[in-house]
Amino acid sequence: MIPQKNIRNFSIIAHIDHGKSTLADRLLQHTGTVADREMQEQLLDQMDLERERGITIKAQAVRLDYRAQDGQGYELNLIDTPGHVDFSYEVSRSLAACEGALLVIDAAQGVEAQTLANLYLALEHDLEIIPVINKIDLPNARPDEVKEELVEIGLDPDDAILVSAKEGWGIDDVLEAIVKRVPAPKGDLEAPLRALIFDSHFDSYKGVIAYIRLVDGVVRPGMEIRMMAGKKTFEVTDVGYFRPKGVAVPELRTGEVGFLAATVKDVRDCRVGDTITEAKRPASQPLPGYRKALPMVFAGIYPVDTADYEDLREALEKLQLNDASLAFEPETSEALGFGFRCGFLGLLHMEIIRERLEREYQLEILTTAPSVEYHVTLESGNELIVDNPADLPQPHEIAMIAEPVVLASIMTPAEYVGAVMELCQERRGTYVTMEYPTPNRVHVQYKLPLAEIMYDFFDLLKSRTRGYATLDYSLAGYQPGDMVRLDILVGGQKVDALSVIVHREKSQIRGRQLVEKLRSIIPRQMFEVPIQASIGQKVIARETVKAIRKDVLAKCYGGDISRKRKLLEKQKEGKKRMKQVGNVEIPQEAFMAVLKVDED
Amino acid sequence: MFGMYIHIPYCTRKCYYCDFNSYALKGSLKEYLEALKREIYLYGQFGFRELSSIYFGGGTPSLCSPEEIREVLEKVRELFFVPDDVEITLEANPEGLSLERLSGYRDVGINRLSIGLQATDEEILKSLGRPHSLEDFSLAYQWANQAGFENINVDLIFALPNQSFIQWQESLKYVAELAPTHVSLYNLEIHPDTLFHKWFNQGKLRAKEDEEELEQYVWAIEYLQGKGYQHYEVSNFALLGRQAKHNLVYWHNQHYFGLGAGASGFISGERTLNVRNPEEYITLLQQNILPYAERFEVTKEIEMSETMFMGLRLLEGVSLEMFQKRFGISPYSIWGQEIEDLVAKGYLETSNTHLRLSRKGLPLANQVFMAFV
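Model, not experiment: these values are computed from the prediction. Along every chain, residues carry numbers that run from 1 in the direction the sequence is written. Chain labels run from A onward and ligand labels from 1 onward, assigned in the order the entries are written. Only residues with pLDDT of at least 70 are given local features in this predicted model, and only at 80 or more are side-chain atom pairs given and counted; all residues enter the totals for whole chains, interfaces and linings. Side-chain measures were taken over the full set of non-hydrogen atoms in the model, leaving aside hydrogen atoms and water.

Participant: So what about the packing of helix α13 (residues 561-577) of chain A against helix α11 (residues 300-311) of chain B? Which residues, and what values?
Facilitator: Lines fitted to C-alpha atoms define the axes here, with helix axes fitted over just the stretch in contact, and angles between the N-to-C directions of these axes take values from 0 to 180 degrees. Helical segments are the DSSP runs of H or I of at least four residues, strand segments are the runs of E of at least two, and each set is numbered from the N terminus. The N-to-C vectors of α13(A) and α11(B) enclose an angle of 85 degrees; their axes lie 11 Å apart at closest approach. The orientation of α13(A) relative to α11(B) falls into the category roughly perpendicular. On α11(B), the residues that touch A:Ile561, A:Ser562, A:Lys564, A:Arg565 and A:Leu568 of α13(A) are B:Ile302, B:Ser305, B:Glu306, B:Phe309 and B:Met310. Side-chain classes follow a simple rule in which Ala, Val, Leu, Ile, Met, Phe, Trp, Tyr, Cys and Pro form the nonpolar group, Asp, Glu, Lys and Arg form the charged group, and the remainder, Gly included, forms the polar group. Residues belonging to the contact of α13(A) with α11(B) are distributed by class as follows: five nonpolar, two polar and three charged. Roughly parallel covers angles under 35 degrees, roughly antiparallel covers those over 145, roughly perpendicular covers 65 to 115, and oblique covers all other angles. The contact criterion used throughout is that any non-hydrogen atoms of two residues lie within 4.5 Å.

Participant: Which residues make up the sheet that holds strand β2 (residues 60-67) of chain A, and what values do they have?
Facilitator: Residue and element names in this part refer to chain A. One bridge is not enough; two strands pair if DSSP finds at least two bridges between them. One open sheet holds the six strands; their spatial order is β2-β3-β1-β4-β5-β6, and the pairing between them is mixed. Each of the sheet's edge strands pairs with one partner strand only, and the pair in question is β2 and β6 (161-162). Where strand β4 (residues 100-106) meets strand β5 (residues 128-134), seven bridges bridge the pair, whose relative direction is parallel. Looking across to β5, one finds that aspartate 106 is bridged to asparagine 134. In the packing of helix α1 (residues 20-30) onto the sheet, the strands contacted are β1 (7-14), β2, β3 (73-80), β4 and β5, and the crossing angle to β1 comes to about 150 degrees. Packing of helix α6 (residues 171-181) onto the sheet brings it into contact with β1, β2, β3, β4, β5 and β6, and relative to β5 it is tilted by some 170 degrees.

Participant: Any chance you could break down the pattern of salt bridges for me, citing the residues and the numbers?
Facilitator: Salt bridges, as used here, are contacts in which a Lys or Arg side-chain nitrogen is within 4 Å of a carboxyl oxygen on Asp or Glu. A complete count under the given rule lists 52 salt bridges over all chains for this structure. Where B:Lys126 meets B:Glu123, a salt bridge forms, and the shortest distance between an N and an O atom there is 3.9 Å. Taken as a pair, B:Lys126 and B:Glu123 lie in helix α4 (residues 122-128) at a separation of three residues, close to a single helical turn. The residues B:Lys126 and B:Glu123 share a single accessibility class, namely exposed. One connected set of salt bridges, linked through shared partners, spans A:Glu112, A:Arg142, A:Glu145, A:Glu149 and A:Arg441. Only protein chains enter the accessibility calculation, which uses a 1.4 Å probe; a residue is then buried when its area is under 20% of its type maximum, exposed when over 50%, and partly exposed in between.

Participant: Give me the interface of chain B and chain A: which residues, what numbers.
Facilitator: On the chain A side, the residues contacting the 46 residues of chain B number 28 residues. Interface of chain B and chain A: buried area, both sides summed, is about 3500 Å²; carbon and sulfur atoms make up 55% of it. Our enumeration of links across chain B and chain A arrives at six salt bridges. For the salt bridge of B:Glu209 with A:Arg524, the shortest nitrogen-to-oxygen distance reads 2.7 Å. The definition of a polar contact used here is a pair of N or O atoms within 3.5 Å, where within protein one atom must be able to donate a hydrogen and the other to accept one, and adjacent residues in sequence count solely through side-chain atom pairs. Counting every contact that joins chain B to chain A gives 16 residue pairs in polar contact (both at pLDDT 80 or more). Residues belonging to the side of chain B that touches chain A are distributed by class as follows: 23 nonpolar, eleven polar and twelve charged. In this description, buried area is defined as the sum, over both parts, of the accessible area (probe of 1.4 Å) that is lost when the two are combined.

Participant: Account for the environment of A:Ala248, with residues named and values stated.
Facilitator: Residues and elements named next belong to chain A. For alanine 248, the location among the structural elements is in strand β13 (residues 246-249). Separated by twelve residues in the primary sequence, alanine 248 and leucine 260 place their C-alpha atoms 9.4 Å from one another. In this structure, alanine 248 is in contact with Val239 and Gly240, ignoring residues within four places of it in sequence.

Participant: Before we move on, could you go through the nonpolar core and cite the residues and values that matter?
Facilitator: Residue and element names in this part refer to chain B. Residues Ile6, Ile54, Phe56, Ile110, Leu113, Leu185 and Phe372 are the most contacted members of the largest nonpolar core, which totals 114 residues. The element contributing the most residues to this core is helix α1 (residues 30-44), with seven residues. Every residue in contact with isoleucine 6, bar those within four places of it in the chain, is listed here: Leu36, Ile54, Tyr55, Phe56, Gly57, Val72, Val76 and Leu259. Joining through side-chain atoms within 4.5 Å is the link that ties buried Ala, Val, Leu, Ile, Met, Phe, Trp, Tyr and Cys residues into a set, and such a set is a nonpolar core.

Participant: Can you break down the sheet that holds β13(A) residue by residue, with the values?
Facilitator: Residue and element names in this part refer to chain A. The strand order across the open sheet formed by eight strands is β11-β10-β16-β7-β8-β15-β12-β13, and the pairing between neighbours is antiparallel. Each end of this open sheet is capped by a strand with a single partner; those strands are β11 (233-235) and β13. In this sheet, adjacent strand axes meet at a mean angle of 40 degrees when their direction is disregarded.

Participant: Describe in detail the side chain of A:Thr277, supporting the description with residues and values.
Facilitator: Residues and elements named next belong to chain A. Structurally, the position occupied by threonine 277 is in strand β16 (residues 275-278). A relative accessible area of 1% means that threonine 277 is categorised as buried. Separated by 2.7 Å, the side chain of threonine 277 and the backbone oxygen of leucine 193 make a polar contact. Polar contacts involving the side chain of threonine 277 include one to the main-chain amide nitrogen of alanine 283, which spans 2.9 Å. What threonine 277 contacts, discounting residues up to four positions off in sequence, is Leu193, Glu224, Ile225, Arg226, Met228, Pro282 and Ala283.

Participant: Give a description of α1(B) that names residues and reports values.
Facilitator: Taking 1.5 Å as the rise per residue, α1(B) with 15 residues should run 21 Å; its terminal C-alpha atoms sit 21 Å apart, in good agreement. Buried residues of α1(B): B:Tyr32, B:Leu33, B:Ala35, B:Leu36, B:Lys37, B:Glu39, B:Ile40, B:Leu42, B:Tyr43 and B:Gly44, and no others. For a helix, the expected span equals 1.5 Å multiplied by the residue count minus one.

Participant: Describe the packing of aromatic side chains, and please don't skip the residues or the numbers.
Facilitator: Any aromatic ring pair is given by two values, namely how distant the centres are and how the planes are angled relative to each other. Residues and elements named next belong to chain B. Side-chain rings of Phe, Tyr and Trp (the six-membered ring for Trp) are treated as a pair once their centres are within 6.5 Å; stacked means planes under 30 degrees apart, edge-to-face means over 60, and tilted covers the remaining angles. For the structure on display, the rule yields 29 aromatic pairs over all chains. Measuring from ring centre to ring centre gives 6.0 Å for tyrosine 5 and tyrosine 55, while their planes differ by 20 degrees; the resulting arrangement is stacked. Placement of the pair is tyrosine 5 in strand β1 (residues 2-8) and tyrosine 55 in strand β4 (residues 51-58), with a sequence separation of 50 residues. Each member of the pair, tyrosine 5 as well as tyrosine 55, is classed as buried. Each ring, one from tyrosine 16 and one from tryptophan 199, has its centre 5.4 Å from the other, and the planes form 75 degrees; the classification is edge-to-face. Remark: tryptophan 199 occurs in helix α7 (residues 195-201) and tyrosine 16 occurs in the loop between β2 (10-11) and β3 (23-24); sequence separation between them is 183 residues. Of the residues examined, tyrosine 16 reaches a relative accessible area of 25% and is grouped as partly exposed. Aromatic rings pair up to connect Phe2, Tyr43, Phe46, Phe80 and Phe257 into one cluster. Arginine 106 extends its terminal NZ or CZ atom over the ring of phenylalanine 149, reaching a point 5.5 Å from the ring centre. Consider the ring centre and the ring normal. A charge sits over the ring if Lys NZ or Arg CZ is within 6 Å of that centre and within 35 degrees of that normal.

Participant: Can you lay out the side chain of A:Asn388 for me, pointing to particular residues and giving the numbers?
Facilitator: Residues and elements named next belong to chain A. Relative to the assigned elements, asparagine 388 resides in the loop between β22 (383-386) and β23 (398-413). Asparagine 388 sits in the buried class, given a relative accessible area of 10%. A polar side-chain atom of asparagine 388 sits 2.9 Å from a polar atom in the side chain of glutamate 331. Excluding residues within four positions of it along the chain, asparagine 388 makes contact with Glu331 and Arg341.

Fair warning: the whole summary comes from geometry, so function is off the table for now.
Right, dumping it as structure tokens:
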């Protein structure tokens, strides 16, 4: 058995694409945790989606056995963290289970916005930081400059380890540094059990699998445990660790990281952030938990076929088991019928949920344009939270609308700082600060309305800086905004699911863009269909979808009647997949049109 | 009674818009025709059936010499009953024809020609990738007359990307001047896997708006009717008594053999579809195997549905008596609501004897047909 002093718990944090997953893969290989032949790129990224998109969505925990140069055996627990800004909340959870972090920095790109954001998160958790300069094999690697940047962000450049995860250079140095620099976990083996739940997933056989970090005590199968916040008690059926597949063990001890199963059927009984203790000998104080992840972006998800409503609910419930940050509640739309209002951490998160519903649950769904959450003060003095534009009261009832703002940190080469500031101004941004960590790199901070950065801000930032600028942001409260609701009428009928809340100054152009986009998306029907944008009773833009004038298949090739029938069936099927609003058939993508409107 | 469709999947080259099962011919047709004769033989084993029409389609069947056509027809006559007056059509492309060749076809029993003209403007012919000029067509048409063909169809395509309304009018006037017994007008469809589709996606080629296409179509109907043609099917026009008997087999949803690579047939309650690839087709027949890629049973529901939407392509519509006799049920009992809606909207018309497309419904036929699938 590995003594507590030989346990090391660490995370890898990095800006996206700086090579976090590759480094993790290499550590697994070097310690023999995974045989070379089993090696699959991005081993820790289990979901197909993660591998396809090259990002990590869920945290993972893997145990590595390592014999260090001092001749002793060590148990290294690697807790992987997501790399996208949407998921910084999950990063924070993982860091709470560690004593150290490898901060990976691309030797060519240098310090980026998320490098800083993740570094600050790690420092908040008092972690020992080991800077790792990766990709030194690249011809444009500039490790010396990156070391200078380390000084600027308060790290000691002499601590940095130079590696190429791709080529396998420097991996031993990383492992030795983890052993030598990351402190062993504190905690009392004899004290009552306290284990922090830092993640969970749902297994159809074993129920909720909690990913835990033991702070005090021991846990073993058969033990009666209690969730300190959830209050419920369960009997432990399995404990173990991942390497990367699950390995059951007789017990997990103070300082260790692993999993626990206790036939918990409902994920709500096993909340991430809760503390597990022993029912018979409970700890007096729970561990500090986390803030609940706050959804920032909201959208309606509706089944295309209304008969799929219950299936959609079940699918969302199952997704929520593995994704505590997904929120949803039933809502009804005049146009779309019964569906769910869902809360997401960001647009990427929303896109991932949408894809998983379609791919893993074979559901045909329709997503409405995402919205942020507005705080509305009514003339009556009452306050209201609105995350669905359709719910915004009439203008004369509203005294004030406050919208969420974020503090955006943007790192950019100095030559693009003008372009970046211009973009922020266009998006109703307020300048906060500007710093030069090195003479040719700028760190700009702006306060920006969340609604303004939600859609295409990141893409535009990239395109205006030739891909160099990086972005991180965090919620920074609410501020009053002159917001109005833009309604869309199709065939003279208001389609609630197409309403959007926009700033008054942008309402004209937004309205025009939206009706133009919708005209190109809504196919010709048997009659003319007017599309209007209005604010209150006032129509501000109008387009018309012309009626179908000709629709008849020409030649029947060699009497291939089946083919003809299939074509007709397909056409009919296509009609069915559209949403019937009044007399008008609206294709699914129309409801996301607002996302596709070009700004320029 | 059966129709017989015989597919010749070769052309001198592939036109840019074409998605039919055809390939540029390299080498000889010999092996293919041997396989075809083998297929005729195999179908003959089902019994000595009477044929009501024979149709050589393609591709370009006129790539076959009269002698080659003779051999195929001889094989057909050996194994099927072919009455003397049966319509036997050969699709011909203007290029590569001669008086001698056309006389040859006439001598071996071809009594109807269908010539693919498609357009009369030289620039447009070029832009379609057609391997012939208007002059080629003009000569071929004269020779066909001289060779004694009394029953000739001419194909034209409309809604072409670069075709003005006036050019369309001119091409129809040109054809009407020749007074063929039958004219087919097809609107261009841009199919996947064609050069046209690629160009369309690249924005190099603009599809006609509905309005322009409709204008061309409506004008053509009125013009040809003025010249004495009966508009008897969505895309087809004929002088009195010259309707295409073979195509009527499809529109009446009757039975036919489909022979040749990629051909489809409808026999004993089954739709058959042959393998598309000619080499594969040849290989299978060399082993005496009927070269099906697919065959599936046509249920009564499907047959009723197909009888409706194919029948509605005919301007006279679907005979209610025929339908009742064939299926033992009235279309109203199956699609009562749909028919009522379509009649109310003015797309369908009813008489005591038939259910048919209205003038308003004609250009929107698919929207009507969809109700029956």
